[in-house]
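Understanding the architecture of this molecule
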Amino acid sequence: MSHLFDRENVDVAWCPGCGNFGILKLIKEVLEELQVEKNNTVIVSGIGQAAKTPYYVDTNMFGVLHGRALPAATGIKMANPQLNVVAEGGDGDMYGEGGNHFIHTVRRNVNIVHVVHNNMVYGLTKGQASPTSQKGFETKVQVNGVTNEPFNPLAVALSLRAGFVSRVSIANAEHAKEVLKAAFLHHGYALVDIFQPCVTFNKTNTYHWFRDNTYALEDSYDSSDFNAALGKAFEMMPMPLGVIYQNKNSGATLEENIRKSGEPLYRTSHDLGKIQELFESY
Amino acid sequence: MTVEELKQYDGRNNAKAYVAYKNVVYDVTQSPLWQQGEHQGAHNAGIDLTSELLGAPHGEEVFKKFPVVGTLEEASQKKEEHSSSELLKTHLRLLYKKYHPHPMTVHFPIALHLFAAGFDILFLAEKKDAYAIGVFYSFLVATVMGFVAMVPGMLSWWINYNLSTHYAFVVKLIVAAITLVLGVIGIGIYLENPNIVYDYSFLGVTYHAIVLLTGLNVIILGYYGGKISWGNLGEEKMQTVSFDTNETDVMMAEGKFHDVDYEAPIGFSTPTSSVKAELSAKHGVEETHHVSISILIGGAAGLGIDTLEKILSDAFKESGYYVFSTKEFMSRVRGGSNTTLLRVADFPLQAPCWEVDVAIALDALALEHMKHRYKKDTVIFGDESFNEKGSDMIAVEMKESAKKFGDARYANTYMAGLLFGVLKMDKTALMQSIEHHFKGEGANKDVAESGYETGTDIAIPSLPQLPRLDNDAIKKLHLMDGTTACGFGFLAGGCNMITAYPMSPSTGVLNFMASMSKEFDIALEQSEDEIASLMMTLGGWYGGARAMTSTSGGGFALMGEALSLSGMTETPAVIYLAQRPGPATGLPTRSEQGDLNLALYSGHGPFPRVVLAPGSLEECIDCGYLAFELADRYQIPVIVLSDQYLADSIFMIADVDFSAYEEHRYIAKSTKEYERYADAHSGISPRAVPGLGEGLICAVGDEHDERGQITEDYEMREQMVSKRARKAALLTQEALAPTCKGKGEIAVIGWGSSKGAIAEALERLDDKRLSHVHFAWVHPLSPEQLSVLDGYKYKIVVENNADAAFADQLKLHDIHVDDKILQSNGFSFFADQLTNMIEKSLKELS
Ligand SMILES: Cc1ncc(C[n+]2csc(CCOP(=O)(O)OP(=O)(O)O)c2C)c(N)n1
Ligand code: SF4
Ligand SMILES: [Mg+2]
């Protein structure tokens, strides 16, 4: 493994032992192994600990607002369908603040890889419950423990007919890498929900907890079976890891649907003569 | 569906292609793999494929993508049988996955071809019979096995790689085909005469060449096979399309877009010059009589007022008159009571008036709704059935006549004819307009004709007498609403992407851009909310588009944080903000200039922005164009403020020379060392886009260093704050100067859509003391330009709002405002009412 995608002179802002380190390594390895061209690749991220990842990866990046990575990524794909676009962030970022965008980005089938670091907590704001926090999880805010039903990203994505729905755990990095690769190679929207221990603010969902409560899907599991996938999405304790569902022909992507030509918009311009003609028809 | 019924859907001769699998009938018509109802030459549509699928290289998952159209009845009886065959199939599929037949079979021909080639070399060195025989038989078996391996290979290409045309597959296919053909030829030569191997005749040499060449071929095949399977190069490579940057260089050289010298002196060539001439009496006869007639048409939504407006304005224009029309309507799709005001004159019109000369009621409720706008001699037309006893309404047989022609909806066309008759107009233009709008459908022309006949018999001496103009110059003018003009401005500005969420009164621009999207290759998406609208727009600019969003106050309020992101990341944005009265949902379909402060201050933290507010069609086009040029050059958000009145009113505009709207692309090509926020003297760092050039573009909403890396270094923070502030200073120098008309010492100051009403009010007042100062560029104001205002003794600010937000801006620049004329009742200013208000203000001042 070379250091092709290492960004130089950066001050990494994560706690020692954080699961984000593993995910960062994973991303860089996958980009390198798939020989992704760095100047044709953009990672868009929101705000949060997870959302800091692209600052440490040597590609193009657009660091936007808390919750808003997905619409920005969508806009980039609309402007230039030829770019590889990744939207990355935390569970609060993507499922909480950006929940509405999550729903509609899946529906649009934007050809992006959607990477969500799921640590079941708000890291950056120091330990409040996130949409995926398990019931009973106590925080300074949720003093009686979480009572809300945890958000199920897999089931939501499936219900919207996402073409690629997966969940991995950074506690099982080799497995996670294969799935992430498959997500990059999928044509269309691809969700990768990554279990990531937050060693500082989540003392419940630790590396051990994730190891004990997950299992990798067997080789015989048929990821093209939608109904089986629905079942898997709701399977708890242990929770399945792997490509829960993939539809290799998930249909045209947003970019393909909205414009005939995939030409980057930075180099298209309008024919003023045509505008003139149309104006004169009034 | 029964098996018999299913047979009809065989996909041939334009029939649908259905196939059944496990009781379920799928529609495969749309699949490219089922053209003409045939699949891989192996299966036909119109039948139950359950058993056939056992032999297929793919499982049932392939059906998942097809729409289900029904169930197969007879199949249900064989349920038992199927479930066992189903088991078998699953089993087979697992086996297939486990022991991939292609690698299993392909190794034999590879090994044997290599073996044959190796032995042939030995034979050529030492001519032993045993070698020759060994060569032939291994070559024979290799070729046969080659055919065997090719079958699962092709299947794998199809199931696993989706018939990818990646070069690795193309090379493999071609080489494999060559190998097989050569194999057959080689075998033929040998069988014809085994002794040929000793002979250096043509055939003998060919034989050896074939054996050696096929050896080479299988090495190539193995190489690419490996790449595909373990592939760092094959399918497992991200499908990155390489950019033809050379092509881009050529485009840059041709001036298609520009690598800009950001340090170049500023100064936009203001395109206003491209508007050949503002509408003025020039387009009419030199001496106009200044006669105008105002017609108010009232009725419920759905009664065809809009149609009537279109028919009449076209007809009056084609008769050589100036026209203007505006509507006020309730926030409902049907019913209620709405009106459209149509003004016709022998001089250019740019504003509505409150009092009307003619009122046409399409229903009884309209009489009630319109009565506030009557003056003492207003002529009122209504149907006899409205039963307005004791009123001045002239009862006509509107409904009866419409019914006579077969449809109550003809009432509006009848009234159009009637009006033309009453005004003693030539009916030709009206008939043409009706023909044009209805494309000759129905009895519209006959209905209008009958209305016209009735109208000519009605004489109303009190009505203003329009001089017979028939001015050809006017016929050449263009009729459109502010929405359309803004749309043309955005097009001229090169807008190639729009993301928006519908909201009155901004939706018209979204509709306009949608209607142009095919013609101009515009990327368009309706967003899930306004936050997404602006975020997509910002993503679009980051990616290289010229993107915009359209919204109204409520939606714009949601965009606040994203607007701030535009400021911090220095990502351009164009926002068309069509105002309606707030707070909250306010009056959804009415007008106000109430969102100036929102436009000026929304978004946290200071950052430069531009706010433009067009007041005429010409300014709509200019501002639309300027918005894109400014946003791009200064990497800032630009807000174009319109409102319901401007958006929905129909004005006239002279020819515009669009070639003057030259599009500049302020996109730099990045080098390896590129830094997005490189500190530049102007404050404008060259903006590159991903994929164009070798550099990386890191744009961030956190405070950042020049690279675009997060920083909390206080010195860097100051440096960046100052960089952004320098852009703000430059913008002030770009400001379009306010237009000043008149030589009087009292300035009547307005901004945005009130332009026309103020202009007409001043014309009506015809008071030498008055001047009109109009701002289309409302922020940032240039102190230099504002100094013009010092020359006026009194300053009256006219605003269609309650908070006098623009007057406050003037005060911030130490400009004393003597009086404010404000209105926030949901209507834009009416020229006649405004005349009175200014008159009153003048009295107070003196
Ligand atoms: C509009 C807005 N609201 C709130 C915040 C504060 N905030 C920043 S990150 C965050 C949550 C972080 O949680 P998550 O997305 O799960 O990321 P993590 O830090 O756990 O990786 C919050 C609430 C913000 N930056 N912007
Ligand atoms: S707070 Fe949690 S998520 Fe953030 S860096 Fe520390 S361990 Fe990781
Ligand atoms: Mg989190």
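Heads up: the structure comes first, above all this text.
Residues numbered from 1 in each chain as written. Chains lettered and ligands numbered in written order. Predicted model: local features only at pLDDT ≥ 70, side-chain atom pairs only at ≥ 80, totals over all residues. Heavy atoms only, no water.

**A look at the coordination of the magnesium ion (ligand 3)**
The expected angle between donors at a tetrahedral four-coordinate metal is 109.5 degrees. At an octahedral six-coordinate metal it is 90 or 180 degrees. All names here are of chain A. Protein ligation of the magnesium ion (ligand 3) involves Asp-91 (OD), Asn-119 (OD1) and Val-121 (O), the donor distances falling in the range 2.0 to 2.2 Å. When the donor residues of the magnesium ion (ligand 3) are listed from N- to C-terminus, their spacing reads D-x27-N-x1-V. On the criterion of sequence distance, the pair formed by Asp-91 in helix H3 (residues 91-97) and Val-121 in the loop between strand E4 (113-118) and helix H5 (153-159) is long-range, its members being 30 residues apart. The pair formed by Asp-91 and Val-121 is uniform in burial state, with each residue classed as buried. (Donors = N, O, S within 2.8 Å, 3.2 Å for Na, K, Ca; no water. Helix = DSSP H or I, 4+ residues; strand = E, 2+ residues; numbered from the N terminus. Buried < 20%, exposed > 50% of the residue type's maximum accessible area, 1.4 Å probe, protein only.)

**Digging into the site of ligand 2**
Every residue near ligand 2 is listed here: A:Trp14, A:Cys15, A:Cys18, A:Asn20, A:Gln49, A:Asn119, A:Gln196, A:Cys198, A:Val199, A:Thr200 and A:Phe201. Placement of ligand 2 is best described as lying within the second largest cavity. (Near = heavy atom within 4 Å. 1 Å grid on protein atoms, 1.4 Å probe; cavity = no way out; pocket = protein on both sides within 12 Å on 5 of 7 lines; lining within 4 Å. Sits in = over half its atoms within 2 Å of the grid points.)

**A short note on the sheet that holds strand E1 (residues 18-21) of chain B**
Residues and elements named next belong to chain B. The three strands lie next to each other as E1-E2-E5, forming an open sheet whose pairing is antiparallel. Each of the sheet's edge strands pairs with one partner strand only, and the pair in question is E1 and strand E5 (68-71). Between one strand axis and the next, the sheet turns through 30 degrees on average, direction left out of account. Pairing analysis gives four bridges linking E1 to strand E2 (residues 24-27), with the strands arranged antiparallel. Residue pairing across strands places Ala-20 opposite Val-25, the latter belonging to E2. (Pairing = 2+ DSSP bridges. Axes fitted to C-alpha atoms, helices over the stretch in contact; angles between N-to-C directions.)

**Comments concerning the interface of chain B and chain A**
Facing 96 residues of chain B, the contacting portion of chain A comprises 70 residues. Our enumeration of links across chain B and chain A arrives at four salt bridges. Between A:Arg259 and B:Asp521 there is a salt bridge, and its shortest N-O distance comes to 3.0 Å. The interface formed by chain B and chain A contains 30 residue pairs in polar contact (both at pLDDT 80 or more). At nine residues, helix H17 (residues 530-543) of chain B tops the list of elements feeding residues into the side of chain B that touches chain A. A breakdown of the residues in the side of chain B that touches chain A according to their chemical character gives 45 nonpolar, 26 polar and 25 charged. (Contact = heavy atoms within 4.5 Å. Salt bridge = Lys/Arg side-chain N within 4 Å of Asp/Glu carboxyl O. Polar contact = N/O pair within 3.5 Å; in protein donor to acceptor, adjacent residues only side chain to side chain. Nonpolar A, V, L, I, M, F, W, Y, C, P; charged D, E, K, R; others polar.)

**As for unusual backbone geometry**
Residue A:Pro238 is reached from A:Met237 by a cis peptide bond, and omega for that bond is 0 degrees. With respect to the element layout, A:Pro238 can be found in the loop between helix H8 (226-233) and strand E8 (239-246). Here B:His779 and B:Pro780 are connected by a cis peptide whose omega angle stands at -5 degrees. For B:Pro780, the position within the fold is in the loop between strand E26 (777-779) and helix H25 (783-786). Even without a glycine there, the phi angle at A:Asn9 is positive, about 50 degrees. Positive phi is not limited to glycine here, since B:Gln635 has a value of about 55 degrees. Mapping B:Gln635 onto the fold places it in the loop between helix H21 (617-634) and strand E18 (637-643). The class of B:Gln635 is buried, set by a relative accessible area of 0%.

**Let's talk about the sheet that holds strand E22 (residues 698-700) of chain B**
Strand order across the open sheet formed by nine strands is E7(A)-E8(A)-E5(A)-E6(A)-E4(A)-E3(A)-E1(A)-E2(A)-E22(B), with mixed pairing between neighbours. Of all the strands in the sheet, the pair left with one neighbour each is strand E7 (214-216) of chain A together with E22 of chain B. Pairwise comparison of adjacent strand axes, ignoring direction, gives a mean angle of 20 degrees for this sheet. Relative to strand E3 (residues 84-90) of chain A, strand E1 (residues 41-45) of chain A runs parallel, the two sharing five bridges. Across the sheet, the residue bridging to A:Ser45 is A:Glu88, located in E3(A). Packing of H17(B) onto the sheet brings it into contact with E1 and strand E2 (60-63) of chain A together with E22 of chain B, and relative to E2(A) it is tilted by some 155 degrees.

**Points about the packing of helix H24 (residues 755-765) of chain B against helix H27 (residues 831-845) of chain B**
Two measures define how a pair of helices packs: the angle their axes make with one another and the distance between the axes. All names here are of chain B. Taken N-terminus to C-terminus, the directions of H24 and H27 make an angle of 65 degrees; their axes are 8 Å apart at the nearest point. Our pair here, H24 against H27, has a crossing hand that is right-handed. In contact with Ala-757, Ile-758, Glu-760, Ala-761, Leu-762, Arg-764 and Leu-765 of H24, H27 contributes Ala-831, Asp-832, Leu-834, Thr-835, Ile-838 and Glu-839. Residue classes in the contact of H24 with H27 are distributed as eight nonpolar, one polar and four charged. (Left-handed = near helix turned anticlockwise from the far one by under 90°.)

In short, geometric facts, not functional conclusions.
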